[in-house]
Amino acid sequence: MNLREKMQRRLKLSRPSLRARARPPKQRSPLGAQFTAANLPTALALQCCDACGHVQYPPTELCGQCLDDSLVYRQVGTEGTLLATTALNHSLWEYYKRRLTQNPWLIGSIALDAGPVVLAHIGENTLKSGERVNVFSHTDASQQAVLVAVAASTDMSTPMARRNIVAGMALDVPAHKEGGL
Amino acid sequence: MKGYDGVVLTCPISLGYAKQSPHGAAWFIGSVLRELVKAAGIGKQHVDGFAVSSFSLGIDSAIALTQHFDLRPRWIEQANMGGVSGIIALRRAARAVQCDEASIIACIGGDGAAHRSFEATAANFSSWSVDAAFPYGAGGPNAAFSLITQHYMDKFGARRDDFARIALDQRYNANHYAGALLGHKRLTINDYMDARPIAGPLHLFDCVMPCAGGEGFLVMHEDRAKQLDLPYCRILASDELHNSYADDPVQYRSGWIDYMPALYDRAGIGPEDIDLLQTYDDYPVISMMQMEDLGFCKKGDGPQFVQDTDMRFDKSGSAVNKLPHNTCGGQLSCGQAGSAAGYLGITETIRQLTNTAQSNQVLGARHGLISGYGMVNYDRGLCSAAALLSGARA
């Protein structure tokens, strides 16, 4: 292989669109990695402040309310209210670009009863803003915890039920491309 | 708050807009600096203050650029706050000149647009975005603003043809401004309504085109500007407030509401005296929000206001009320040149008020209001700022 071919191949490999398997964004800050670890054993764990009780999300190092250094992950209620939803027809990330070719990708913002406003994947395309929802965390195909919202009536009480919801969204598998590198 | 007596803004420069560019941010910032000193007829050694805004300087900062450009500033500032960076630079520089900490300050915003660089900026915008926003669909700003837009439409009954009023009138303005990247293309209501869907209610012409470009202006004492024979404008009042209304679950208002009454008081004029308005138009709903919060109409009346208001620079539209708005086309039609987009409204207003705009000149403009908004750290824009300018003879 001469230098020209080598450089062409390198360029190809750096283009996500040519890869056989595309996965959701893997990048997280160290705090995001802690969020993933804390959420492995439970439906939803968020940082809670031992000093003032504030529930903090997105993860930070200090309590956003009292600035105390005593945030610990605790299991919190999954109930919340859907504030707004949107159907993405365009994405900057190859995994979603491939998923988008069939149907738009649904995301929404949810005010959790526990306090914070979270962004989440929407598990059911019938959800409307104002509806009551449950929000749970699950590992995606990049092995990172992401939040998923489903209707309050949908069963998500067991790990198996939650896994089935995520599998139905194909969030736990890479997006494939025939003949990719 | 004290006024800005004796301080003026002059030499507006906009250059280098391109959809993609091989040049880095330093090229755009340095080129603007070169054009600034040329326009002022001074040597660069006379620039003793330097304020810079850029997303794409990478590991360099404003101080590194002083060595690149061989500058000896005794005052330096870096304001990397996207849509408000221009007004922040203006405010800081005006006080510095007023307090004689520097005599001529160059305020410059510039960003490059390398292949796929927007992806990288969006994927690494903030730690909260990396952990809690980007993984959800990786829509970048479109995702956050589609939620804000959808919520605004649900709450106040706004429709897509209301947002179209803003986009269409801005495109008409851009058709008369040579620097606009999309200025050569006409936009009709059918083009707008039939555009490709991007995210929820947002379609192609609701979104800005990321691009490269540089914007800048000089801040100096009025006497100095007269001595150099430069057309200039004055700062009547300005203010800023950040992370306001943090308890609103979804953003539909921001800090302007809190300080606008006092701002108009200090300037001695009201919304009815404004001859041209430059809002930060990353999405039409945000311009509409600013029109409401800046006192042009009541909260929630934005959709009706834009239907009743002609926002073209030459007042040639059919609506009865006239308010030239984003007279060079704004970011929606010029392109969003990173941090330079936060300077666009300022340079355009200086051109208009000094009667040096070319074919998009608003006739007889005396008072201009500029508003800044920016930085979607997670789910909303955190910054708000505003500045009221007047022409020298106003």
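Throughout this description, residue numbers start from 1 for each chain and increase along the sequence as written. Chain letters and ligand numbers both follow the written order, the letters beginning at A and the numbers at 1. In view of the model being predicted, local features appear only for residues whose pLDDT reaches at least 70, and side-chain atom pairs are presented and counted only at 80 or more, with totals across whole chains, interfaces and linings using the full set of residues.

## Brief notes about the overall build of chain B
Argument step 1. Counting from the N terminus, the helices are DSSP H or I runs at least four residues long and the strands are E runs at least two residues long. Secondary structure assignment for chain B yields 14 helices and 13 strands.
Argument step 2. Restricting the calculation to C-alpha atoms gives the radius of gyration, and the globule rule supplies 2.2 Å times the number of residues raised to the power 0.38. A compact globule built from 394 residues should have a C-alpha radius of gyration of about 21 Å, and chain B, at 19 Å, falls within 12% of that.
Argument step 3. Three exposure classes are used, all based on how many other C-beta atoms lie within 10 Å of a residue's own C-beta (placed from the backbone): buried at 20 or more, exposed at 12 or fewer, and partly exposed between those limits. The proportion of buried residues among the 394 residues of chain B is 61%.
Argument step 4. For chain B, contacts bridging at least 24 residues in sequence account for 78% of all contacts bridging at least 6. Distance between backbone-placed C-beta atoms decides contact: two residues are in contact if it is within 7 Å.

## Considering the pairing of strand β2 (residues 45–49) of chain A
Residues and elements named next belong to chain A.
Argument step 1. By the criterion of burial, β2 is predominantly enclosed, with 4 of the 5 residues buried.
Argument step 2. Only when DSSP finds a minimum of two bridges between them are two strands counted as paired. Strand direction decides the pairing type here: β2 and strand β4 (residues 71–75), joined by 5 bridges, are antiparallel. Paired with Gln-47 across the two strands is Tyr-73, which belongs to β4.
Argument step 3. Relative to strand β3 (residues 55–56), β2 runs antiparallel, the two sharing 2 bridges. Of the residues in β3, the one forming a bridge with Cys-48 is Val-55.
Argument step 4. What sits between β2 and β3 in their antiparallel hairpin is a turn of 5 residues, with Gly-53 showing a positive phi close to 85°.

## Observations regarding the sheet that holds strand β8 (residues 232–242) of chain B
All names here are of chain B.
Argument step 1. What the 9 strands build is an open sheet, ordered β3-β2-β4-β7-β1-β8-β13-β12-β9; its pairing is mixed. Only two strands of the sheet have a single neighbouring strand rather than two, namely β3 (75–78) and β9 (276–278). Each strand axis lies, on average, 20° off the axis of its neighbour in the sheet, ignoring direction.
Argument step 2. Bridge analysis of strand β1 (residues 7–18) against β8 gives 3 bridges, and the strand direction is antiparallel. Its bridge partner being in β8, Thr-10 is matched across the sheet by Tyr-232. Note on method: axes are straight lines fitted to C-alpha atoms, helices fitted across the in-contact stretch only, with angles between N-to-C directions ranging 0 to 180 degrees.

## Notes on the interface of chain A and chain B
Argument step 1. Contacts between the two partners involve 33 residues from chain A and, on the opposite side, 31 residues from chain B.
Argument step 2. For the side of chain A that touches chain B, the secondary-structure elements that each account for two or more residues are α2 (30–39), β5 (79–88), β6 (105–112) and β7 (117–122) of chain A.
Argument step 3. Each residue belonging to the side of chain A that touches chain B can be placed in one class, and the counts come to 21 nonpolar, 11 polar and 1 charged. Three categories are distinguished: nonpolar for Ala, Val, Leu, Ile, Met, Phe, Trp, Tyr, Cys and Pro, charged for Asp, Glu, Lys and Arg, and polar for the others, with Gly belonging to the last.

## Some thoughts on the packing of helix α7 (residues 160–174) of chain B against helix α11 (residues 284–293) of chain B
Residues and elements named next belong to chain B.
Argument step 1. Here α7 crosses α11 at 95°, and the two axes come no closer than 9 Å. As far as their axial angle goes, α11 and α7 are roughly perpendicular. Residues Phe-163, Ile-166 and Ala-167 of α7 pack against Pro-284, Val-285, Ser-287 and Met-288 of α11.
Argument step 2. Here the residues of the contact of α7 with α11 sort into 6 nonpolar, 1 polar and no charged. Angular relationships are summarised with four words: roughly parallel below 35 degrees, roughly antiparallel beyond 145, roughly perpendicular across 65 to 115, and oblique for the angles in between.

## So, α2 of chain A
Within an α-helix, residues lying three or four positions from one another point in the same direction, as the helix has 3.6 residues per turn.
Argument step 1. By the burial criterion, the buried members of α2 of chain A are Gly-32, Phe-35, Ala-38 and Asn-39 of chain A. Buried residues of α2 of chain A fall within an arc of 120° about the axis and therefore sit on the same side. Among the exposed residues of α2 of chain A, those oriented more than 90 degrees off its buried face are Pro-30 and Ala-37 of chain A.
Argument step 2. If you follow the buried residues of α2 of chain A, they end up packed against β2, β4, β8 (132–139) and β9 (145–151) of chain A together with α5 (127–132) of chain B. This arc corresponds to the set of directions leading from the helix axis out to the C-beta atoms.

## Quick notes on the environment of Ile-59 of chain B
Argument step 1. Inspection of the secondary structure assignment puts Ile-59 of chain B in the loop between β2 (49–53) and α2 (62–68).
Argument step 2. The spacing of Ile-59 of chain B and Phe-118 of chain B is 59 residues in sequence and 17 Å in space, taken between C-alpha atoms.

## So, unusual backbone geometry
Across residues other than glycine, the phi torsion is negative in most instances, and most of the peptide bonds are trans.
Argument step 1. Look at the link from Tyr-57 of chain A to Pro-58 of chain A: it is a cis peptide, with omega at -10°.
Argument step 2. By the element assignment, Pro-58 of chain A lies in the loop between β3 and β4.
Argument step 3. Positive phi values are uncommon outside glycine, yet Asp-70 of chain B reaches one of about 55°.
Argument step 4. Along the chain, Asp-70 of chain B falls in the loop between α2 and β3.

## Section: the nonpolar core
Argument step 1. Ala-120 of chain A together with Ile-105 and Val-219 of chain B are the most contacted members of the largest nonpolar core, which has 181 residues in total.
Argument step 2. Those domain boundaries reflect an automatic or database domain assignment. Structurally, this core is a two-domain feature, drawing no fewer than three residues from each of domain 1 (7–115 + 212–232) and domain 2 (139–208 + 235–391) of chain B.
Argument step 3. Leave out the neighbours within four places in its chain, and Ala-120 of chain A touches Ile-107, Gly-108, Ile-110, Val-135, Leu-147, Val-148 and Ala-149 of chain A together with Tyr-136 of chain B. A set of buried residues qualifies as a nonpolar core if it consists of Ala, Val, Leu, Ile, Met, Phe, Trp, Tyr and Cys joined through C-beta atoms within 7 Å.

## A short note on the confidence of the model for chain A
Argument step 1. Of all residues in chain A, 97% have pLDDT values of 70 or greater, and the mean over the chain is 93.
Argument step 2. Every residue gets a pLDDT, meaning the predictor's confidence in that residue, from 0 to 100. Looking across chain A, the model is least confident in helix α1 (residues 3–13) of chain A, with a mean pLDDT of 71, and most confident in β2 of chain A, with 98.

## A short note on the environment of Ala-199 of chain B
Argument step 1. Looking at the secondary structure, you find Ala-199 of chain B in strand β5 (residues 197–199).
Argument step 2. In sequence terms Ala-199 of chain B and Gly-342 of chain B are 143 residues apart; their C-alpha atoms lie 24 Å from each other.
Argument step 3. Among all residues touching Ala-199 of chain B, those that are not within four sequence positions of it are Thr-86, Leu-88, Asn-89 and His-90 of chain A together with Gly-139, Asn-142, Ala-143 and Ser-146 of chain B.

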